[in-house]
Amino acid sequence: MSSPVLNLGPLDAFVLLAFLAAILCLGFSAKLRDNTLLQYLAAGRNLSMPAFVATLVSTWYGGVLAVGDGIKEFGFGVILLLGVPYYVFALMYALFFAERVRGSEQISIPEKLSQRWGKATGLVGAGLVFMLAVPAAHVLMLGTMLHLFTGWGLNVSTVIATVVGTLFLYKGGLLADVRAGMLAFAMMYIGFFVIAGWCLTHYPPSHVIAHLDPSLKHLDGGQGWLGFLSFFILGSWTLVDPGFHQRVASARSPAVGKKGLYVCVAFWALFDILSTITGLYAVSILSPSLSGLEFFPRLGNQILPPGLKAIFLCGLTGTILSAMVGYTLVSGATFGREFVARLKPGLPDAQIKLYTRTGFAVACFFAIVIAFQVQNVVVDLWYAYAGVVVGALLLPVSAAYLAKFKLKSASGWITASMIGAFITSFAWLLWCKRTQNDEYMVSIAGHKFGLGTIIPGLIVSAIVLGLGEAAGRGAKNT
């Protein structure tokens with residue numbers, strides 16, 4: 001075991017331990033109103049506006065260390081590539097999805113797909129949602145934080161952080177996650193206000209400009225307009241993200257879900273400003289040979305005084321932990337409620353809860369295995385892996401919720417579109433890995449750009465659904 005990377009004094013250690021103890025106490029002390037599955041998985045669909053905003057903001061921004069990765073890769077372009085698309089699609093979700101999601105009796109995406117197009121479609125959707133919800137990025141980031149705190153090996157740290165960080169979820173479900181998430185929400189903003197303010201008052205902005213590589217000064221991150229379009233389309237992930245969906249479905253009312261999203265977008269934009277400022281200073285101050293995942297904690301360790309350093313590190317750790325727990329809950333619920341319970345109809349709530357808790361362990365196992373293979377969170381997990389699943393889910397889920405988009409296709413076409421889109425995108429991912437095309441580049445009419453994995457899947461999904469629609473209308477006319 002090597003020495004800890006972060007230099008924590010007695011005050012820093014005290015603040016961090018007190019914060020982690022508070023997080024765990026909030027999680028373990030959550031008291032469910034009843035023992036129903038709805039209360040366990042959706043907090044009785046009774047989240048207030050403050051609870052809804054706090055938990056969704058911290059969960060959806062739980063990949064905070066990956067922002068350092070993104071800034072190392074794209075510089076100023078991180079706002080345009082990894083910020084703006086998600087604001088746009090979150091606003092679209094608020095306008096077109098939120099009230100329908102909260103107003104529906106179904107509380108999950110697979111449940112909605114099953115209700116609309118049958119059991120087989122719901123089961124395929126459950127498999128895809130499980131893959132999207134597995135918290136591999138958050139597991140890796142929390143493991144990175146523990147590694148920096150202790151000096152333990154990254155793999156060991158990842159396993160320990162995952163096991164300990166999800167323990168309170170087994171007892172309190174979504175309510176436990178929300179209680180911990182509200183503290184994480186407060187600390188993430190306090191922490192980044194502290195470090196961004198410290199950077200701006202101790203290093204002039206000209207320091208960043210002078211020390212930043214020219215390739216990182218482009219507003220499009222050097223991707224060009226076609227590359228930006230690929231990243232923008234990936235922002236549609238918001239429309240099918242199971243954690244996002246669960247929070248909206250758990251809001252106290254459709255109005256809370258819709259109006260709360262507008263507030264969330266404002267908070268995300270604010271946090272993007274703070275984290276981008278911090279990340280640009282990290283790139284200009286720290287060695288470029290460091291992992292982007294370590295940029296934020298290492299910058300805080302290097303420039304902040306005792307006490308303030310701990311506050312910033314609390315913000316990082318709490319945000320990652322909150323998101324990891326949130327997505328573990330969703331993936332476990334998908335395993336227990338949407339997969340096992342649909343294969344074994346008639347199971348009582350107690351048994352579905354047991355399978356859901358088993359699902360937590362299964363999800364964490366897969367998350368750890370995937371995390372061990374990751375080199376770059378933004379590219380490997382978000383741009384590539386997530387794109388494969390989002391491309392398969394986007395059109396069927398949109399059709400399920402949008403009243404004006406009524407497919408007449410038989411359910412078999414819907415299922416085929418998801419399977420075909422997934423296979424296509426996954427095959428493209430494997431081909432790019434095999435040919436060492438790590439940025440998923442293609443050349444069309446002399447323009448070379450990153451295609452990503454979502455676009456091939458969307459094209460196949462649209463073609464299959466179009467054929468199904470034509471076949472459905474033709475059968476009706478005959």
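Residues numbered from 1 in each chain as written. Predicted model: local features only at pLDDT ≥ 70, side-chain atom pairs only at ≥ 80, totals over all residues. Heavy atoms only, no water.

J.: Got a minute to help me understand the overall build of the protein in this structure?
T.: The number of helices and strands found in the protein is 22 helices and two strands. Computed over C-alpha atoms, the radius of gyration of the protein comes to 22 Å, within 12% of the 23 Å expected from 2.2 N^0.38 for 478 residues, which places it in the range of a compact globule. In terms of overall dimensions, the protein has a C-alpha envelope of 75 × 60 × 40 Å along the principal axes. Looking at the protein residue by residue over its 478 residues, the buried ones come to 58%. (Helix = DSSP H or I, 4+ residues; strand = E, 2+ residues; numbered from the N terminus. Rg over C-alpha atoms; globule rule 2.2 N^0.38 Å. Buried < 20%, exposed > 50% of the residue type's maximum accessible area, 1.4 Å probe, protein only.)

J.: Looking at this structure, I do not really get the pairing of strand 1 (residues 441-444). What am I missing?
T.: Each regular strand shows side chains that alternate between the opposite faces of the sheet. Examined bridge by bridge, strand 1 and strand 2 (residues 447-450) share four bridges and lie antiparallel to one another. Of the residues in strand 2, the one forming a bridge with M441 is G450. The antiparallel hairpin formed by strand 1 and strand 2 contains two residues in its connecting segment, where A445 sits at a positive phi of about 50 degrees. (Pairing = 2+ DSSP bridges.)

J.: Please explain the environment of I195 as it appears in this structure.
T.: Along the chain, I195 falls in helix 11 (residues 169-202). According to the relative accessible area criterion, I195 is buried, its value standing at 0%. In the structure, I195 is positioned 105 residues away from G300 in sequence and 7.0 Å away in space, judged by C-alpha atoms. In this view, I195 contacts T278, L299, G300, I303, L304 and F312; residues no more than four positions away in its chain are not counted. (Contact = heavy atoms within 4.5 Å.)

J.: How should unusual backbone geometry be read in this particular structure?
T.: Across residues other than glycine, the phi torsion is negative in most instances, and most of the peptide bonds are trans. Its identity is not glycine, yet A43 carries a phi of approximately 50 degrees, on the positive side. One non-glycine residue, Y440, adopts positive backbone phi at about 55 degrees. Here Y440 is to be found in the loop between helix 21 (411-434) and strand 1. On the basis of relative accessibility, which here comes to 0%, the residue Y440 falls in the buried class.

J.: Sorry, what's going on with the packing of aromatic side chains here?
T.: By convention here, two paired aromatic rings are described through the distance between centres and the angle between planes. Considering all chains together, one arrives at 26 aromatic pairs under this definition. On the numbers, 5.4 Å between centres and 80 degrees between planes, the contact of F74 with F231 is edge-to-face. Of the two residues, F74 is situated in helix 4 (residues 64-74) and F231 in helix 13 (residues 224-234); the sequence distance between them amounts to 157 residues. In this structure F74 comes out as buried when scored by relative accessible area, which is 4%. F231 gets classed as buried once you look at its relative accessible area, which sits at 3%. A centroid spacing of 5.1 Å and a plane angle of 75 degrees characterise the contact between F192 and F312, whose relative ring orientation is edge-to-face. Placement of the pair is F192 in helix 11 and F312 in helix 18 (residues 308-343), with a sequence separation of 120 residues. The pair formed by F192 and F312 is uniform in burial state, with each residue classed as buried. (Phe/Tyr/Trp six-rings, centres within 6.5 Å; stacked < 30°, edge-to-face > 60°.)

J.: What am I meant to see in the side chain of D241 here?
T.: Counting through the fold element by element, D241 comes out in the loop between helix 14 (237-240) and helix 15 (242-249). Here the side chain of D241 touches G243 through a polar contact of 3.1 Å, landing on its backbone nitrogen. Apart from the residues lying within four places of it in its own chain, the contact partners of D241 are W60, I109, L132 and Y327. (Polar contact = N/O pair within 3.5 Å; in protein donor to acceptor, adjacent residues only side chain to side chain.)

J.: I tried to follow the environment of H207 on my own but got confused; where do I start?
T.: Note on placement: H207 falls in helix 12 (residues 205-211). Counting along the chain gives 77 residues from H207 to S284, while the straight-line C-alpha distance between them is 7.4 Å. When residues no more than four places from it in sequence are discounted, the contact partners of H207 are S284 and I285.

J.: Hey, could you run me through the packing of helix 11 against helix 19 (residues 349-371) in this one?
T.: In a pair of packed helices, the angle between the axes and the distance between the axes together describe the arrangement. As a packed pair, helix 11 and helix 19 sit with axes 11 Å apart at the nearest point and diverge in direction by 95 degrees. What the angle tells us is that helix 11 and helix 19 run roughly perpendicular. Two secondary-structure elements touch here, helix 11 through L169, Y170 and K171 and helix 19 through R357, F360 and A361. Grouping the amino acids of the contact of helix 11 with helix 19 by side-chain chemistry returns four nonpolar, no polar and two charged. (Axes fitted to C-alpha atoms, helices over the stretch in contact; angles between N-to-C directions. Parallel < 35°, antiparallel > 145°, perpendicular 65-115°, else oblique. Nonpolar A, V, L, I, M, F, W, Y, C, P; charged D, E, K, R; others polar.)

J.: What exactly am I supposed to notice about the state of the cysteines here?
T.: Here a disulfide denotes one covalent bond, and it connects the sulfur atoms of two cysteines. Tallied over the full model, the rule gives zero disulfides. This cysteine, C199, is not joined by any disulfide, and C314 carries the nearest cysteine sulfur, 18 Å off. Here C199 falls in the buried class, since its relative accessible area comes to 0%. (Disulfide = S-S within 2.5 Å.)

J.: How should a nonpolar patch on the surface be read in this particular structure?
T.: Among the surface-exposed residues, F28, V156, V159, I160, V163, V164, L167 and F372 lie close enough to one another that they form a single nonpolar patch of about 620 Å² accessible area. In terms of residues, the nonpolar patch owes the most to one element, helix 10 (residues 154-165), which gives five residues. Structurally, I160 can be placed in helix 10. Under the relative-accessibility criterion, I160 is labelled partly exposed at 34%. (Patch = residues over 30% accessible without salt bridge, like charges linked within 9 Å, V, L, I, M, F, W, Y side chains within 5 Å. Areas by Shrake-Rupley, 256 points an atom, 1.4 Å probe, with all protein chains shown as cover. Salt bridge = Lys/Arg side-chain N within 4 Å of Asp/Glu carboxyl O.)

J.: What's the story with the packing of helix 11 against helix 18 in this structure? I'm lost.
T.: Packing of helix 11 against helix 18 brings their axes to within 6 Å, and their N-to-C directions diverge by 145 degrees. Considering only the axes of helix 11 and helix 18, their crossing is left-handed. When the residues that make up the contact of helix 11 with helix 18 are grouped by side-chain class, the tally is 17 nonpolar, nine polar and one charged. (Left-handed = near helix turned anticlockwise from the far one by under 90°.)

J.: For this particular structure, what's the right way to read the pattern of salt bridges?
T.: In a structure, side chains of opposite charge can pair up when their charged atoms sit close to one another. Counting across every chain of the model gives six salt bridges. Measuring nitrogen to oxygen at the nearest pair gives 2.3 Å for the salt bridge that ties R247 to D177. With R247 in helix 15 and D177 in helix 11, this pair connects stretches of sequence that are 70 residues apart. For the residue pair R247 and D177, the accessibility class agrees, reading buried in each case. Here R342 makes a salt bridge to E338, at a shortest N to O gap of 3.0 Å.

Coordinates in, geometry out; function isn't part of it.
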